[in-house]
Amino acid sequence: MHSKVNQLMQDTLTKKIFDVDEVRKDFPILSREVGGNPLVYLDNAATSQKPQSVINAINDYYSYYNANIHRGVYYISIKASEAYENAKIKVKEFINASSEREVVFTRGATEAINLIAYSYGLENVNEGDEIIISEMEHHANIVPWQVLCEKKKAVLKVIPVNDSGELLLDEYKKLLSDKTKIVAVCQISNTLGTINPVKEIIRLAKDKNKEIAVVIDGAQAIHHTKVDVRDLGADFYVFSSHKMYGPMGIGVLYGRAELLEAMPPYQTGGDMISSVSFKGTTYNDIPMKFEAGTPNVEGAVGLAAAIDYIGDIGFEAIHRQETELLEYAAGLLEEIKGLKIIGTAKEKTGVISFIVDGLNALDIGIMLDTYGVAVRTGQHCTEPLMERFGIPGTVRVSFAFYNTKAEIDIFVNALKKAIKILS
Amino acid sequence: MRIDEFIMEKTIQEIEDEIVDEFGFFESWQDKYEYIIELGKKLNGYPEDKQTNDHKVKGCQSSVWLVTDDEDGRIIFKADSDSTIVKGLIALLIRVLNRRTPDEILDAKLDFIAKTGLQQHLAQTRANGLAAMIKQMKMYALAYKAKQLN
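Residues numbered from 1 in each chain as written. Chains lettered and ligands numbered in written order. Predicted model: local features only at pLDDT ≥ 70, side-chain atom pairs only at ≥ 80, totals over all residues. Heavy atoms only, no water.

### Let's talk about the packing of helix H13 (residues 361-370) of chain A against helix H4 (residues 84-97) of chain B
Two measures define how a pair of helices packs: the angle their axes make with one another and the distance between the axes. Here is the rule we go by: The axes are straight lines fitted to the C-alpha atoms, using for helices just the contacting stretch, and the angles between their N-to-C directions are given from 0 to 180°. The way it works is that DSSP assigns letters per residue, a run of H or I at least four long becomes a helix, a run of E at least two long becomes a strand, and they are numbered from the N terminus. Here is the rule for angles: anything less than 35 degrees is roughly parallel, anything more than 145 is roughly antiparallel, 65 through 115 is roughly perpendicular, and the remaining ranges are oblique. By definition in these notes, contact holds between two residues if any of their heavy atoms fall within 4.5 Å. The nonpolar class holds Ala, Val, Leu, Ile, Met, Phe, Trp, Tyr, Cys and Pro. Asp, Glu, Lys and Arg form the charged class, and all remaining residues, Gly among them, are polar.
It is the contact of H13 of chain A with H4 of chain B, at a shortest axis distance of 7 Å, that shows an interaxial angle of 85°. Our classification of the angle between H13 of chain A and H4 of chain B gives roughly perpendicular. Between H13 of chain A and H4 of chain B, the residues in contact are Leu362, Asp363, Ile366 and Met367 of chain A and Thr84, Ile85 and Val86 of chain B, respectively. When grouped by side-chain class, the residues that make up the contact of H13 of chain A with H4 of chain B number five nonpolar, one polar and one charged.

Structure representation (structure tokens):
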């Protein structure tokens with residue numbers, strides 16, 4: 001009891017009290033106007049906005065220590081190399097990997113999945129083998145596996161979702177077989193906001209056969225919830241920096257060291273080799289083996305600053321604010337006649353997808369833009385999921401902790417006007 | 001007066017200028033879109049049995065269908081979309097390009113799109129398919145021209 005009280009006091013002392021108006025000041029773009037209206041940015045699931053600290057980190061990098069890394073013997077190159085390596089350590093701690101050797105920087109989650117498919121997949125998947133994905137996957141977690149299956153004459157199996165947008169775990173259990181080589185699912189659906197029980201999904205795969213490699217697409221999860229890759233038991237975990245308040249063009253492939261070590265390189269060139277001669281080449285150790293060419297140092301520096309920023313806000317405050325926004329917005333939307341929310345999973349976060357009877361999602365999106373409200377419309381790179389629900393597309397609003405109830409009011413009022421004009 | 005002059009008294013440029021004037025009339029983008037939506041709601045006459053993939057314009061977030069016919073060397077466009085705003089945009093394009101010769105269509109600069117501000121609002125994103133529609137209409141004109149030359 002005593003230690004609990006101490007902990008609570010410690011938390012209160014070290015953590016800032018969450019004040020959304022104060023937090024918004026950290027994001028310069030949030031104070032801009034669009035067409036005379038304040039920007040209401042509700043497309044956070046596509047990309048998040050960046051705090052000043054991330055912008056400053058990138059600015060500092062180019063202003064004070066920009067140089068190519070790993071090979072320079074001079075001061076600023078050593079500083080840049082240090083910053084790049086420190087970013088890996090930061091990511092390692094952020095996701096609780098065993099070592100920074102398990103952290104590969106990629107261009108984003110998409111490239112990370114491609115890397116797994118082309119390196120691990122081509123090496124380990126053979127004719128007749130099976131790969132399991134789900135019906136709610138983003139195209140980035142469908143197409144690389146489809147291509148791999150075509151190349152290797154393997155079979156793609158799909159876990160179906162129910163009408164609420166939840167994975168049918170019983171069906172998943174039936175799909176797991178002696179031929180299953182890879183299971184690849186998202187932790188959170190970009191279209192529905194459904195939180196999948198990935199720990200359970202991984203456990204079920206491992207119970208079947210511990211050799212099955214489980215890939216978790218964490219692109220929509222990494223900024224909403226504390227991720228512990230070892231607690232999850234994931235073999236691979238991928239995410240993008242731009243969705244977690246960091247810069248675009250960099251992402252992370254986490255892979256268990258044992259697997260990464262056994263995998264062949266995905267791309268070849270400089271920095272990923274240990275020695276090159278015309279008789280043959282030996283490769284560098286992990287993770288360098290997978291990072292051919294000059295890496296995105298600016299991105300790494302920005303990502304490290306984003307991780308620090310998330311640490312300052314704290315996942316508890318993020319979760320509280322985002323849940324409040326989700327419930328508030330869902331309540332207001334449900335009152336609108338003819339509006340239907342797509343994706344009503346018990347466990348969901350951050351995202352509301354909806355359709356309005358007789359209206360086209362694109363039209364709604366265009367009209368909302370005239371009120372300064374930024375939303376996503378269409379299929380959200382999840383065409384099979386749209387087919388599952390028998391709809392051409394949805395309007396999607398997605399929240400970040402810096403959104404406010406006042407912004408949701410602006411959005412809902414604009415939506416009501418748009419519906420009136422379009423009907 | 002020749003028959004084709006009678007059919008189309010105004011030049012493409014004159015109609016484009018008319019549209020620019022009309023848009024200048026509205027102050028806010030909400031009003032401009034309301035106008036486009038009204039145009040969209042009024043665009044009828046597309047044959048329902050031709051709402052098929054064969055007639056779909058590729059590259060749009062919404063479904064857009066386009067069919068053509070020719071009469072006295074002039075092209076007649078009929079189009080439809082499941083998006084009212086896109087329908088309104090098609091209505092504008094049809095107003096400018098309908099019943100024109102292939103050469104007139106191919107030469108049309110369509111600078112009303114920039115002058116009305118629609119360019120800035122819509123053309124940069126492929127979502128609405130405005131660029132794809134124009135391309136498709138010009139492709140038809142090219143095809144008719146080739147047919148006429150043969």
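### Description of the domain arrangement of chain A
Residues and elements named next belong to chain A. We count it as follows: Domain start and end points were adopted from an automatic or database domain assignment. The salt bridge definition used is simple: a Lys or Arg side-chain nitrogen within 4 Å of an Asp or Glu carboxyl oxygen. Side-chain atoms alone can form a polar contact between residues adjacent in sequence; in general such a contact is a pair of N or O atoms within 3.5 Å, and within protein one must be able to donate a hydrogen while the other accepts it.
When its domains are assigned, chain A resolves into domain 1 (11-41 + 314-422) and domain 2 (55-311). Facing the 35 residues of domain 1 at the interface are 30 residues of domain 2. For the pair domain 1 and domain 2, the interface holds two salt bridges. Taking the shortest distance from any N to any O, the salt bridge between Asp163 and Arg388 comes out at 2.7 Å. One can count 18 residue pairs in polar contact (both at pLDDT 80 or more) joining domain 1 with domain 2. When residues of the side of domain 1 that touches domain 2 are assigned to their parent elements, the largest contribution, six residues, is made by helix H14 (residues 383-389).

### As for helix H12 (residues 315-334) of chain A
Residues and elements named next belong to chain A. Note the threshold: A helix is expected to span 1.5 Å for every residue after the first. Three exposure classes are used, based on accessible area relative to the maximum for each residue type with a 1.4 Å probe and protein chains only: buried under 20%, partly exposed in between, and exposed over 50%.
Between its first and last C-alpha, H12 extends 28 Å over 20 residues, near the 28 Å set by a 1.5 Å rise per residue. Those residues of H12 that fall on the buried side of the exposure criterion are Phe315, Ala317, Ile318, Gln321, Glu322, Leu325, Leu326, Ala329, Ala330 and Leu333. Each element contacted by the buried residues of H12 is listed here: helix H2 (20-24), helix H4 (75-95), helix H11 (297-313), strand E13 (339-342), strand E14 (351-356) and helix H15 (405-422).

### Considerations on the pairing of strand E10 (residues 251-255) of chain A
Residue and element names in this part refer to chain A. Convention followed: Strand pairing is defined by DSSP finding a minimum of two bridges between the two strands.
Burial of E10 is extensive: five of the five residues sit out of reach of the surface. Because side chains alternate across E10, one face comprises the buried residues Gly251, Leu253 and Gly255, and the other comprises Val252 and Tyr254, equally buried. In the sheet, strand E4 (residues 103-106) pairs with E10 via four bridges, with the strands oriented antiparallel. If you follow Thr106 over to E10, its bridge partner there is Gly251. Bridge count between strand E9 (residues 236-240) and E10: five bridges; the pairing is antiparallel. When the sheet's bridge partners are listed, Phe239 is paired in E10 with Val252.

### Quick notes on the interface of chain B and chain A
Note the cut-off: Summed over both partners, the accessible area (1.4 Å probe) lost when two parts come together is defined as the buried area.
Listed by partner, the interface residues are 17 residues for chain B and 13 residues for chain A. With both sides pooled, the region where chain B packs onto chain A buries about 1200 Å², and carbon together with sulfur makes up 61% of that total. Summed over the three residues of chain B that lose the most area to chain A, namely Gln30, Gln61 and Ile85 of chain B, the buried surface amounts to 39% of that side. The tally of links between chain B and chain A comes to zero salt bridges. Applying the counting rule to chain B against chain A returns seven residue pairs in polar contact (both at pLDDT 80 or more). For the side of chain B that touches chain A, the elements supplying multiple residues, two or more each, are helix H3 (29-42), H4 and helix H7 (118-123) of chain B. In terms of residue count, H3 of chain B provides more of the side of chain B that touches chain A than any other element does, six residues in total. Counted by class, the side of chain B that touches chain A contains seven nonpolar, seven polar and three charged residues.

### Looking at a nonpolar patch on the surface
Heads up, the rule is: Each patch is built from residues that are more than 30% exposed by relative accessible area and take part in no salt bridge. Like charges join if they lie within 9 Å; nonpolar side chains (Val, Leu, Ile, Met, Phe, Trp, Tyr) join within 5 Å. Computed with the Shrake-Rupley method and a 1.4 Å probe, the accessible areas treat only the protein chains shown as cover for residues.
Judged by side-chain polarity, Val73, Tyr74, Tyr75 and Ile76 of chain A come together as a nonpolar surface patch covering roughly 460 Å² of accessible area. Inspection of the secondary structure assignment puts Tyr74 of chain A in the loop between helix H3 (52-64) and H4.

### A few points about the nonpolar core
Note the threshold: Here the nonpolar core consists of buried residues drawn from Ala, Val, Leu, Ile, Met, Phe, Trp, Tyr and Cys, with membership extended through side-chain atoms lying within 4.5 Å.
Counting residues in hydrophobic clusters, the biggest one holds 77 residues, and the most contacted among them are Leu333, Phe411 and Leu415 of chain A. The element best represented in this core is H4 of chain B, accounting for 10 residues. Counting residues in each nonpolar core, the second largest holds 76 residues, with Tyr65, Phe315, Met386 and Phe389 of chain A among its members.

### Some words on the confidence of the model for chain B
Residues and elements named next belong to chain B. Which entries qualify depends on this criterion: Confidence scores here are pLDDT values: one per residue, from the predictor, ranging 0 to 100.
In the predicted model, chain B carries a mean pLDDT of 86, and the fraction of residues at 70 or more is 89%. Predicted confidence is poor over residues 1-6, with pLDDT under 50, and the contacts of this stretch with residues over four places away or in other chains come to two contacts. The complex prediction reports pTM at 0.91, with the ipTM value standing at 0.86.

### Here we look at the environment of Asp26 of chain A
Residues and elements named next belong to chain A. Position of Asp26 among the secondary structure elements: in the loop between H2 and strand E1 (33-34). With relative accessibility at 24%, the residue Asp26 sits in the partly exposed group. Linking Asp26 and Arg203, residues 177 residues apart in sequence, is a C-alpha distance of 40 Å. Separated by 2.7 Å, the side chains of Asp26 and Tyr309 make a polar contact.

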